[in-house]
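Coordinate inspection notes
Spelled out, the chains give:
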Amino acid sequence: MSASGLVSRSLSRVRELVVSAAHFGKMPEADDLDSIRTQLQECAEGRGGEVSTRQRAARLAETYLRLDDAGRHAFLKLIAHEFGPDPEQVALAHEDYQHAVGTPAQWDAEARLRTAMRSRRLRILTQFNAIPQGVKFLVDLRADLLRFLPEDPLLKPLDRELEARLTAWFDVGFLELQRITWGSPAALLEKLVQYEAVHEIRSWDDLKNRLDSDRRCYAFFHPRMPLEPLIFVQVALLENMADDVQRLLDIEAPLADVGKATTAIFYSISATQAGLRGVSFGNFLLKRVVDDLKRDFPRLRTFATLSPIPGLVRWAERNPEELAEAITPADWKRLRTLGLADLDAAPLAGLLGGDSSWSGDPALADALRDPLLRLTARYLLEARRGDRPVDSVARFHLGNGARVERLNWLADTSTKGLRQSWGVMVNYLYDPDSIEVNLEDFEREGRIDASSAVRRLARR
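Residues numbered from 1 in each chain as written. Predicted model: local features only at pLDDT ≥ 70, side-chain atom pairs only at ≥ 80, totals over all residues. Heavy atoms only, no water.

So, about the side chain of Arg 403. Its place among the elements puts Arg 403 in strand S8 (residues 403–408). The contacts of Arg 403, once residues within four sequence positions are left out, are Asn 427, Tyr 428, Leu 429, Asp 431, Ser 434, Asn 438, Asp 449, Ala 450 and Ser 451. (Helix = DSSP H or I, 4+ residues; strand = E, 2+ residues; numbered from the N terminus. Contact = heavy atoms within 4.5 Å.)

Shown next, in the form of structure tokens:
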């Protein structure tokens, strides 16, 4: 068999392993790390021609995919610890550069210093990138790396380098925006079901409803991962701003008349690749989608989300004094008449987060409405980690220039919705006239734009 045939067969095996690795049972740890070390050394030095290089990278990728977690951890430790820059070469190059500063030799010395600083880890990663399915392989490899990092911080240099490479390879200029429809390949539709992270897709009928004529679904793709959406957004075309996700997801609800639609509601945004954490392109997705929608539906004037508040209950349980401040004496009097006389704020937060039965009691739900909405407004506008909001979804939308427009009581009465935010959801409004100002104010000062109604709730 020719050399090119050997490479083709080896690369085909990697493609099979990348697709099916999730279905393997526990693989034995590598018996001989010295053999892997030798192959990594050859990769780092680029021995042989292009065919040999790709064949060697494909063999290493196959080896990695067959390892169990302990073996993969050992593999990554080898790359992280033994294939960084050579400290002696860096020291010598730095010394030469210091002596050359201010002389005609400075720029050549600077080039030599950059070369000495270049990590051999990058050479290995770049060779993986060159094989078919290599981009997906590296994305999944970083997902493993992120799992190991909390227990092994010495892997951080490898993570930094891999994140930097992925940021360059997944620059938004390389990504393709595609609309996903019911006629898209079945393999792609299955990925939507698998990756949906906000509102579980429960059936094919549910999926078909989300792709119907009054809906849109868009995703970013990388050319080297054509059937792997990187991030996708689901949109409902309506006449008014949505305040209830149950109605949006109701497969029995009649189709909306898209000819009358004035509002686009982004009700689910899901990032799909754990290995791309820290590589940001969600804001570009929304901007591209808005442009696409405005072109197809000129009547659209309002672009907003119906968003979850995933950290609300957890934050309230950790900060019971915040809930206590949100409950007025009149609220407590009303709650005690409904059987909550023996609770103070701390156990109340835990009770409401862990038991959803209260939502089915109209009187109790009504008594809880005002205090919990007050608390939600304060959480979104005031709860910070450093100079940024505690809530991850809030950080995303506010960082893209949105405004906190409206809070919606019992907008998500699913088990998940009640457990994470007492069923409260929020509309973030993307107003084209204020997006840039909001974005700059948020980045520079951490200032959050909010409607007067939400601000009044927070001040009560």
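Let us look at the confidence of the model for the chain. For the chain, per-residue confidence averages 88 on the pLDDT scale, and 90% of positions sit at 70 or higher. Note that pLDDT drops below 50 for residues 1–15; the model gives that stretch 25 contacts with residues more than four away or on any other chain. (pLDDT = per-residue confidence, 0-100.)

Further remarks concern helix H9 (residues 156–169). When the terminal C-alpha atoms of H9 are compared, their 20 Å separation across 14 residues agrees well with the 20 Å that a helix rising 1.5 Å per residue should span. Those residues of H9 that fall on the buried side of the exposure criterion are Leu 158, Asp 159, Glu 161, Leu 162, Leu 166 and Trp 169. Each buried residue of H9 sits inside an arc of 165 degrees when the element is viewed along its axis, so together they form one side. Packed against the buried residues of H9 are helix H4 (69–82), helix H7 (120–129) and helix H8 (134–148). (Expected span 1.5 Å × (residues − 1). Buried < 20%, exposed > 50% of the residue type's maximum accessible area, 1.4 Å probe, protein only. Arc of directions from axis to C-beta.)

Overall, the coordinates contain 30 salt bridges when judged by the stated rule. Where Asp 34 meets Arg 37, a salt bridge forms, and the shortest distance between an N and an O atom there is 2.5 Å. Here Asp 34 and its partner Arg 37 are both found in helix H2 (residues 33–45), three residues apart, which amounts to about one turn of the helix. Looking at Arg 37, the relative accessible area reads 25%, which means it is partly exposed. A salt bridge links Arg 403 to Glu 405; its shortest N-O distance comes to 2.7 Å. On the accessibility criterion, Arg 403 (18% relative accessible area) is buried. Put simply, Asp 69, Arg 72, Asp 144 and Arg 147 are held in one network by salt bridges that share partners. (Salt bridge = Lys/Arg side-chain N within 4 Å of Asp/Glu carboxyl O.)

Across the nine residues of strand S4 (residues 263–271), seven count as buried, placing the element largely inside the fold. Two elements, strand S3 (residues 231–238) and S4, share eight bridges in a ladder whose sense is antiparallel. In the sheet register, Leu 237 faces S4, and the bridge partner there is Ala 264. The pairing of S4 with strand S5 (residues 302–305) spans four bridges and is classified as parallel. In the sheet register, Thr 263 faces S5, and the bridge partner there is Thr 302. Considered for its hand, the β-α-β crossover made up of S4, helix H13 (residues 282–296) and S5 is right-handed. (Pairing = 2+ DSSP bridges. Right-handed = clockwise from strand over helix to strand, strands pointing away.)

The next point concerns the packing of H7 against H9. One can describe the packing of H7 onto H9 by two numbers: an axis separation of 10 Å at closest approach and a directional angle of 45 degrees. Taken as axis vectors, H7 and H9 run oblique relative to one another. For the pair H7 and H9, the sense of crossing is right-handed. Residues Arg 121, Leu 122, Leu 125, Thr 126 and Asn 129 of H7 touch H9, and the partners they reach there are Pro 157, Leu 158, Glu 161, Leu 162, Arg 165 and Trp 169. (Axes fitted to C-alpha atoms, helices over the stretch in contact; angles between N-to-C directions. Parallel < 35°, antiparallel > 145°, perpendicular 65-115°, else oblique. Left-handed = near helix turned anticlockwise from the far one by under 90°.)

Leaving glycine aside, a negative phi is the common case for residues, and trans is the common case for peptide bonds. Its identity as a non-glycine residue notwithstanding, Gln 133 has a phi of 65 degrees, on the positive side. Structurally, Gln 133 is set in the loop between H7 and H8. On the basis of relative accessible area, Gln 133 is assigned to the partly exposed category, the value being 28%. The phi torsion at Trp 422 lies on the positive side, around 55 degrees, for a residue other than glycine. You can see Trp 422 is positioned in the loop between helix H20 (415–421) and strand S9 (425–429).

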